[in-house]
Every structure is written in C-alpha cells, then in structure tokens.
2 protein chains.
Amino acid sequence: MRVLILGGDGYLGWPTAMHLSVRGYDVAVVDNFAKRAWERELGVEPLMPVGSLEQRVAVWQELTDRQIRVFVGDLTDYDFVERTFRELGPDAIVHYGEQPSAPFSMIDVRHATYTQSNNVVGTLNVLFAMRDVARDAHLVKLGTMGEYGTPNIDIEEGYLTVHHNGRSHEFLYPKTAGSIYHLSKVHDSHNIHFACRIWGLRATELNQGVVYGVETDESAMDPRLATAFHYDEVFGTALNRFGVQAVVDEPITPYGRGGQTRGYLNIRDTMACVELAIGNPSERGELRVYNQFTEQFTVNELAQKVRDAARELGIEATVVQAPNPRVEAEQHYYNAKHTRLLELGLRPNLLGPELIRSMLSTIGRYAERVNRSKLLIGVRWDPHRREAEPALVGSTSEDLR
Amino acid sequence: MRVLILGGDGYLGWPTAMHLSVRGYDVAVVDNFAKRAWERELGVEPLMPVGSLEQRVAVWQELTDRQIRVFVGDLTDYDFVERTFRELGPDAIVHYGEQPSAPFSMIDVRHATYTQSNNVVGTLNVLFAMRDVARDAHLVKLGTMGEYGTPNIDIEEGYLTVHHNGRSHEFLYPKTAGSIYHLSKVHDSHNIHFACRIWGLRATELNQGVVYGVETDESAMDPRLATAFHYDEVFGTALNRFGVQAVVDEPITPYGRGGQTRGYLNIRDTMACVELAIGNPSERGELRVYNQFTEQFTVNELAQKVRDAARELGIEATVVQAPNPRVEAEQHYYNAKHTRLLELGLRPNLLGPELIRSMLSTIGRYAERVNRSKLLIGVRWDPHRREAEPALVGSTSEDLR
C-alpha cells in the first residue's frame, strides 16, 4: 500500500513516515521546508537537533533497509502536486502539509493572509489533483478540534443532526474557530466536504486535539531520527511548553483563568490513529470525520500535572497565570465525543505521572539548548485590547449554564 | 455619511454608488477592474456598452453635480487597503469586491484557487484594515443565499439555535455551499464572524439571492450610466440570461429537471437593502445577517414566466431543459426566511409580467449586441461525470420528505 505524506518533514509528518514505513507501507513524503523558514524568521529551534529530511531518510534506510522517497515541492504549486500524484499513484494521502500554528497566523495581517491562502490553496490543489489523477485515493486530512471552538452543546464527531420546525437535517458540525489558523482548517473542511459531495472523492478528517510527546518508538531508535519538538510560544503546544518551562526552572504559564478545556493526545496515538484511518478507508463520496484525542483537560489541570510530576523528580516548578494573549472563553462547557477511533481499535496512551516524568527526563537531556526568551513571544489576538479589558467572548455565566 | 464601495465598477457596485450619491451620501469607490479582465479572458461583454469607471463618474458629476471619488487598487494588496481606509475614514464599507461567478470558479483548478484566495485574502485585508485604522466603520458585506445550499430544514437568517442532548447553542447557520465560489463566501462569513467576535468589529452580511434587472432609477438617467448587465453562462444570472435567450429567439435553458429553488430579487431592491443596512448599523462586536431576496421560485417557474411575458410581446420563446452542468439537487425542500429587511422597511419590487416585459423591451434595444455563442459556455462542475450519471447529491425522496 502506497502512502504519500504531505508535510513529511514536520513534528508529526516525519514520525508518521517512519511508523508506516516500518509496518510495511510504501511511504513517500512531500515537503517544501517552509516550516524551517518560519522557525528562522522567529528565531526558534526544535529542542533536539533535527537533521535535514535527506539525512533522516538516509539514517532510516541505513537502520531499517527501508526506503522513504522524498518529493521536494510546494502544495500551492499545482503542477508539482499533480505530477507527484501521477508519478506515485498513492492509495492514501496523509495531509499534514499546512502552516500549523495559531499564534503564527495571528502575528499580523501578512501572516494571517499567508496562513489562509497557503493552507486553503494547498488543500484545493490536493483535491483537484485527486479528482484528475488519483480519484480513488483516500485523503486523510489533519484537522483540529480547535475548529469546533467551545459551543455550549456536546461536540459530535463531524456531523450534527438538527431538528428544526418539525424537520431534520444532518449538517457538517458547525464550527466557531478561535484563530485565523483554525479558520483555515474550517475552510479546508468545507472544501473537502464539497469535493466528496460533488466529485465523489473519499476522505477522512482527523480533528486532532493538542498533541504532546517528544518521541515515538521509531524516533527513539536513534537520536538522528528525532522529530522537531517545539517548546516556544508559537510552535510549542501546551504540555510540551509546560514541560520545558518546568525543566529550565521557568514558571509554568497557563493563560488567563486557565479553565480553557481542550482534548489532548500522545504523539504515539497520533501515529496509531493515522494508521487506523488509512487501514479503514472511507467510501467514495464520503467525508468521514473522527475526533482524534484521548482525554480532555483544562489548561490548569495540565499545568498542575506537570508541576506534580516535576516535584517527584526533585524540580520545584511554579504555576503562574499569565495574561491571556488570546481572546477566548476561559471557563466554558466542553464535552467532545471521541469514540469512533476507539471503535476502530485505538488503545490510548493516557497522560499519567510516569509518562510526564519520562518526558521531563528526555527534555532534561537537552535543557542547555532551551532559549528561554522564546517561551513567551507575545503574539496577541487583539493588539488594541487592554489586558484588563474583558474579552467579548465567553462570559462565565453563559458558558457554564 | 461617508461610504466606501468596494467593487464599485461592477453590476451592483456602480448602481449602488449612484443610488447612495444621489441620496446625499459621500461616496467613494474602489476597483481594480479585474472583472473586465475576466470578461476579456472569456470573450464576453455586457449587453449594453459600459463606459470606463472614470467616464461614468464624470457623466455622473455632469448630470448631478455630485462627486464620486475613485480609488484604483487591489484588495489583496494590504497597503492599498489600509491607505485607502486611512485617507477616506469611511463610516460604512460596502463590500462587493470579489470574483462573483460560480461557473468562473469551476473552470479549472487555477480559477478555483484564484477565486478563493482572491476573495478570502481581500476580505481578510478589509477586516485587518478596519481593526487597525477604521475600527468603528460598519462593514456591509455581500454574501449569497447560495452559501446555505439546500438543507432539508428551514433556512434562518444567519443563525440557528440548536437543541442537543438537553442543552442549546446558537451557531452561525451551517453552510453547505454548491461551488468553489460559494465556498469562498462561506469562508468570508467565518472570517467576518471571527473579526466581530475577537476584535469587536461591526458587520452586516447580506446573503443575497439571485439578482435580476437591467437598470435602476439612476442608471436609466443616461445610457452612459449603464451598468454591466451580463447574459452569458458565466456572469449572467438566471433570469437575465433567460430574458436575452427569449429576445434573440434562442431556447430558454433551465438546467436539468429545473426544480432548483432559489431566492430572487430585483436590482432596485438590492439598492434599497444596502441603504437600509447602512442606515441601521450593527453594534460593535455584532455580525448581523440578513437574507436579501424577495421571492423564491424554481428555475422552471422562472423560465415559464419569461416565456409567458415574451408571448405577450409577440415572441414565441421555447423552454428546453439543458443537461445540467452543475452537480446539485434538482428537486429539494427550500424555505428560506427573509423578514428582517422587510421589518426595516423594504418594499419589494416583485417579479410581475409587466416587469419582465419591460426588461425584455430594454434587452430588445440591444439585441444586435448579443453573442449567442456565449449563452452556453460549457463549464462543468465535474468534468469526469457522464451526463446520464445521477448526481451524488440530493436524492428526490430524501429532499422532498
């Protein structure tokens, strides 16, 4: 089975390539290394040294005797996309190839428009190339739980049946995204839905929670196979950033009141979920949606878990509520369904103290590489809003009713 | 009151500029004349000769002694947008400045990605410029009823309260758009909603039905003030195209079974609706949505109305069902609310036989300019689909239940 991974140089793309390669899939990857340029722009680096894609593919071949083919190019270049699809003839296309950071998209108007046009045009090119030269391939697209926002009703897996004035209709679950980046993924969802409805393409959208973790079975084989683990404000996800803060004796900084609840999952579970999606393709004309996370926590709970695990390692971490650079509800109802991947056989790696301790130990080995000045970069959702001003969104009484 | 009209050279933009100018508003317009380039690309022209924007503004000043300022530039150029907003200081911004054609967006992947990036980036630039230099201005954005698609429940005006598992939430009404163009407007809606929620901007979205009509009170003042009335497959709307077909003795061609139901309105009512929206600005942080149409018809009903009106003028028009180039439900439930503009005082110009006869007479004066080869251009929603193949969308039993 031939799998093409778009964004194969990234935090999740590269481990996915190895995960599938070692399990017998014929894996090829696409990347244009844009993420590395964004890192240079912001002056940030992954925690572990990360070799070039070429180097990592060579190490992988040396260690496993398995080949991962590399196609270097930009998804916004349609000719490149069509040529690659035609040459490879993929059975499945795993699409991580997007600008993945909410703060990056909120830096200013140029980062905002770049994020939306880059992500939307890249995905449209993928859909048109599938239509014209890979019509039976299965698209596995990484969405995000952040697309849903924090509605006051249960979040279902992708679709919502609405009863209204005596009739009913099943809609794509309506989205209320909280950043320009998250909106780009909402736009993608609508475009993919259209491509399935109108052209009969087959797709699975994995609305992923916040991923944490430094390594997978494969990346742990050799330091030269490390993936790009970020801890900075722009590319680092909450738990990863908190872990680094604890290890380097910086305060752990949940934003605002810290009642923001989100779904989380271990990077190893991302690998498993993507493999489950590939192994169970959707039907022609079907956009299947899975909510891809294993547990939900408030940001405060997450901070406390890291603090407690650190303490067992002899690190006295403090938790300090930082002014919230985002405009978001800090207390809200949140109940998101996530049963469909479990039904397919997912066995979650839950977030226990042992796992956090192991993460902290790994981070500890690279503590000298941490650039503290990048833990808080200061991207604000509304640069004109005074910090004391209450957000226009999410009043407590409304959200908790 | 200072009003800036984006897309002021267009079918609706130009008449809106005149309509507001003559009523005492201080009107300026923005255009980059992209639409005229698209017309050249497709080899189509408006039915009436249309002077340059510069010429029309000069005629307008000659006839009314009122000035309409012109800013020539591209909304995808942020510096231009910010500079223009700063210089003018608009109280209201009427945003027609987008690629407006569904068939144009479906020509191929390049027209698709162009349409979405042009429309989405232009609107994002408008929102950021409002945030930074025109925070109290009121955005009046032209959406389309086509964003909603044809759900099996009533279409409300912009928002839908959903009751689910004992709780409730008010969502932006979920959209199921039927073309890449319509999707671009759905993306805009989500982005505008975000800008209102996060930055406290004020906006009104006018989800407009299909507009028909050749002239307004102002454009009728002088032939040199004519607006760009299109009758070709790509830029011509249904009733306008049918009228031209009847006049030049071509068959009137509804697509497929012709049960497609849509909302329609007279171009004069567009003028009135936009003025009502401007005169009643939304609150800070509020995205208000109006469904802007006055009547709903099936395409077959529309075709018959034109045929009947033509007969009274001695024209024996025929109605021939053309193979449907689109992939869409051809029989479906459709009940879209449209009361909010009526509540503000809209007095609709309904589609009676007299109005159609008057349209046909006006069209008749320009019949020699009609290029019959452009009535059907042949843009297909799915070029791989055989005509006999049933669409994947909208089975009759489901839609009519």
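Our structure's up above, just so we're on the same page.
Figured I'd write up the structure that's included with this text. Every value quoted in this text rests on a predicted model; they were computed, and no experiment measured them.

### Topic: the relation of the copies chain A and chain B
- Take chain A, turn it by 180°, move it 0.0 Å along the axis, and it overlays chain B with an RMSD of 0.0 Å. One copy is carried onto the other by what is essentially a two-fold rotation axis.
- A high fraction, 100%, of the interface residues of chain A reappear at the interface in chain B, so the copies pair face to face through one surface.

### Describing the environment of Trp381 of chain B
- Position of Trp381 of chain B relative to the elements: it lies in the loop between helix 12 (353-365) and helix 13 (396-400).
- Distance from Trp381 of chain B to Glu328 of chain B, taken between C-alpha atoms, is 9.2 Å for residues 53 residues apart in sequence.
- In this view, Trp381 of chain B contacts Arg131, Phe194, Ile198 and Trp199 of chain A together with Ala102, Pro103, Met106, Gly178, Ser179, Pro325, Arg326 and Val327 of chain B; residues no more than four positions away in its chain are not counted.

### Considerations on the state of the cysteines
- Going through the model one piece at a time under the given rule, you end up with 0 disulfides over all chains.
- Of all cysteine sulfurs in the structure, the one in Cys196 of chain A sits closest to Cys273 of chain A, which takes part in no disulfide; the separation is 20 Å.

### Here we look at helix 1 (residues 13-22) of chain A
All names here are of chain A.
- A large share of helix 1 lies buried, amounting to 9 of its 10 residues.
- Buried within helix 1 we find Gly13, Trp14, Pro15, Thr16, Ala17, Met18, His19, Leu20 and Ser21.
- Buried positions along helix 1 lie against strand 1 (2-6), strand 2 (26-31), helix 3 (53-64) and helix 9 (267-279).
- Of the residues flanking the end of helix 1, it is Gly24, one or two places downstream, whose phi is positive at about 95°.

### With respect to the pattern of salt bridges
- Using the criterion set out here, one finds 52 salt bridges over all chains in the structure.
- One network of salt bridges, in which partners are shared, links Glu98, Lys141, Lys185 and Asp188 of chain A.

### As for unusual backbone geometry
Residues and elements named next belong to chain B.
- Not every positive phi belongs to a glycine, and Phe33 is a case in point at roughly 60°.
- Tracing the backbone shows Phe33 in the loop between strand 2 (26-31) and helix 2 (34-42).
- Judged by relative accessible area, Phe33 falls into the partly exposed class, the value being 28%.
- Despite not being glycine, Asn165 has its phi angle at roughly 50°, a positive value.
- Following the sequence through the fold, Asn165 ends up in the loop between strand 6 (159-164) and strand 7 (167-172).

### Some details on the side chain of Glu205 of chain B
All names here are of chain B.
- Structurally, the position occupied by Glu205 is in strand 8 (residues 202-208).
- Buried within the structure, Glu205 lacks any salt-bridge partner; Lys175 is the closest side chain of opposite charge, at an N-O distance of 4.8 Å.
- Side chain to side chain, Glu205 and Ser189 meet in a polar contact 2.8 Å long.
- Once you skip the residues sitting within four places of it in the chain, Glu205 turns out to touch Lys141, Gly143, Glu147, Lys185, Ser189, Ile192, Leu287, Arg288, Val289 and Tyr290.

### A look at helix 12 of chain B
- With 13 residues, helix 12 of chain B extends 19 Å from end C-alpha to end C-alpha; this agrees with the ideal 18 Å at 1.5 Å per step.
- Where helix 12 of chain B is buried, its residues meet strand 9 (210-212), helix 8 (238-247) and helix 10 (299-312) of chain B.

### Some points on the packing of aromatic side chains
All names here are of chain B.
- The tally for this structure, following the rule as stated, stands at 16 aromatic pairs over all chains.
- Between Phe128 and Trp199 the ring centres are 4.7 Å apart and the planes differ by 65°, which places this aromatic pair in the edge-to-face class. Of this pair, Phe128 sits in helix 6 (residues 109-133) while Trp199 is found in helix 7 (residues 180-199), placing the two residues 71 residues apart along the sequence.
- Between Tyr148 and Tyr173, the aromatic rings sit 5.2 Å apart at their centres with planes inclined by 90°, giving edge-to-face as the arrangement. Here Tyr148, found in the loop between strand 5 (138-144) and strand 6, pairs with Tyr173, found in the loop between strand 7 and helix 7; they are 25 residues apart in sequence, far enough to count as distant.

### Quick word on the sheet that holds strand 10 (residues 261-266) of chain B
Residues and elements named next belong to chain B.
- Strand order in the open sheet made by the 3 strands is 9-10-12, with mixed pairing throughout. Whereas interior strands pair on both sides, the edge strands pair on one side only; in this sheet they are strand 9 and strand 12 (295-298). Put simply, the sheet's adjacent strands are angled 45° from each other on average, direction ignored.
- Sheet analysis places strand 10 next to strand 12, joined by 4 bridges and oriented antiparallel. Residue pairing across strands places Gly263 opposite Gln296, the latter belonging to strand 12.
- Strands in contact with helix 9 (residues 267-279) are strand 9 and strand 10; relative to strand 10, the strand with the most contacts, it is inclined by about 80°.

### Notes on empty space enclosed by the protein
- Following the criterion strictly, the structure yields 3 cavities of 30 Å³ or more and no others.
- Surrounding the largest cavity, 14 residues form its lining, Pro174, Lys175 and His190 of chain A together with Pro174 and His190 of chain B being those nearest its centre.
- Of all elements in the fold, only strand 7 (167-172) of chain A together with strand 7 of chain B reach the threshold of two or more residues within the lining of the largest cavity.
- Of the residues contributing to the lining of the largest cavity, the split by class is 8 nonpolar, 4 polar and 2 charged.

### Some words on the interface of chain A and chain B
- The interface is formed by 63 residues belonging to chain A together with 63 residues belonging to chain B.
- For the pair chain A and chain B, the summed buried area comes to about 5,500 Å², and 63% of that belongs to carbon and sulfur atoms.
- Where chain A packs against chain B, one counts 4 salt bridges.
- With its nearest N and O atoms 2.7 Å apart, the salt bridge here joins Asp382 of chain B to Arg135 of chain A.
- Where chain A touches chain B, the interface holds 26 residue pairs in polar contact (both at pLDDT 80 or more).

What counts and what doesn't
- The written sequence of each chain sets the order in which its residues are numbered from 1.
- All chains are assigned letters beginning at A, and all ligands numbers beginning at 1, according to the order in which they are written.
- Reporting of local features is limited, given that this is a predicted model, to residues whose pLDDT is at least 70; pairs of side-chain atoms are given and counted only at 80 or more, and all residues count toward the totals for whole chains, interfaces and linings.
- Values reported for side chains reflect all heavy atoms of the structure, with hydrogen atoms and water molecules removed beforehand.
- Least-squares superposition of the copies uses the C-alpha atoms of those residues scoring a pLDDT of at least 70 in each of them.
- We call two residues in contact whenever any of their non-hydrogen atoms come within 4.5 Å of each other.
- Each helix is a run of DSSP H or I of at least 4 residues and each strand a run of E of at least 2, with the numbering of both proceeding from the N terminus.
- Any cysteine sulfur atom paired with another within 2.5 Å is treated as part of a disulfide.
- We call a residue buried when its accessible area falls under 20% of the maximum for its residue type, exposed when it is over 50%, and partly exposed in between, using a 1.4 Å probe and counting protein chains only.
- We define a salt bridge as a contact between a side-chain nitrogen of Lys or Arg and a carboxyl oxygen of Asp or Glu at a distance within 4 Å.
- Counted as positive: Lys and Arg. Counted as negative: Asp and Glu. His and the chain ends are not counted at all.
- Throughout this description, a polar contact denotes any pair of N or O atoms lying within 3.5 Å of each other; where both atoms belong to protein, one of them has to be capable of donating a hydrogen while the other can accept it, and for residues adjacent in sequence the pair is counted only when both atoms sit in side chains.
- Residue count minus one, scaled by 1.5 Å, sets the expected span of a helix.
- Two rings belonging to Phe, Tyr or Trp (six-membered ring only in the last case) form a pair when the distance between their centres is within 6.5 Å. Interplanar angles under 30 degrees mark stacking, angles over 60 mark edge-to-face geometry, and anything in between is tilted.
- For two strands to be treated as a pair, DSSP must find no fewer than two bridges joining them.
- Fitting a line to C-alpha atoms yields each axis, with helices limited to the stretch in contact; the angle taken between N-to-C directions then spans 0 to 180 degrees.
- Each cavity reported here is a set of points on a 1 Å grid over the protein atoms alone in which a 1.4 Å probe fits but cannot get out, each pocket an open set with protein on both sides within 12 Å along at least five of seven lines, and each lining residue one with an atom within 4 Å of a point.
- Grid points are joined across faces, edges and corners, and a volume is the space filled by probe spheres set on the points.
- Gly is placed with the polar residues, together with every amino acid not listed as nonpolar (Ala, Val, Leu, Ile, Met, Phe, Trp, Tyr, Cys and Pro) or charged (Asp, Glu, Lys and Arg).
- Two parts placed together each lose some accessible area under a 1.4 Å probe, and adding up what both lose gives the buried area.

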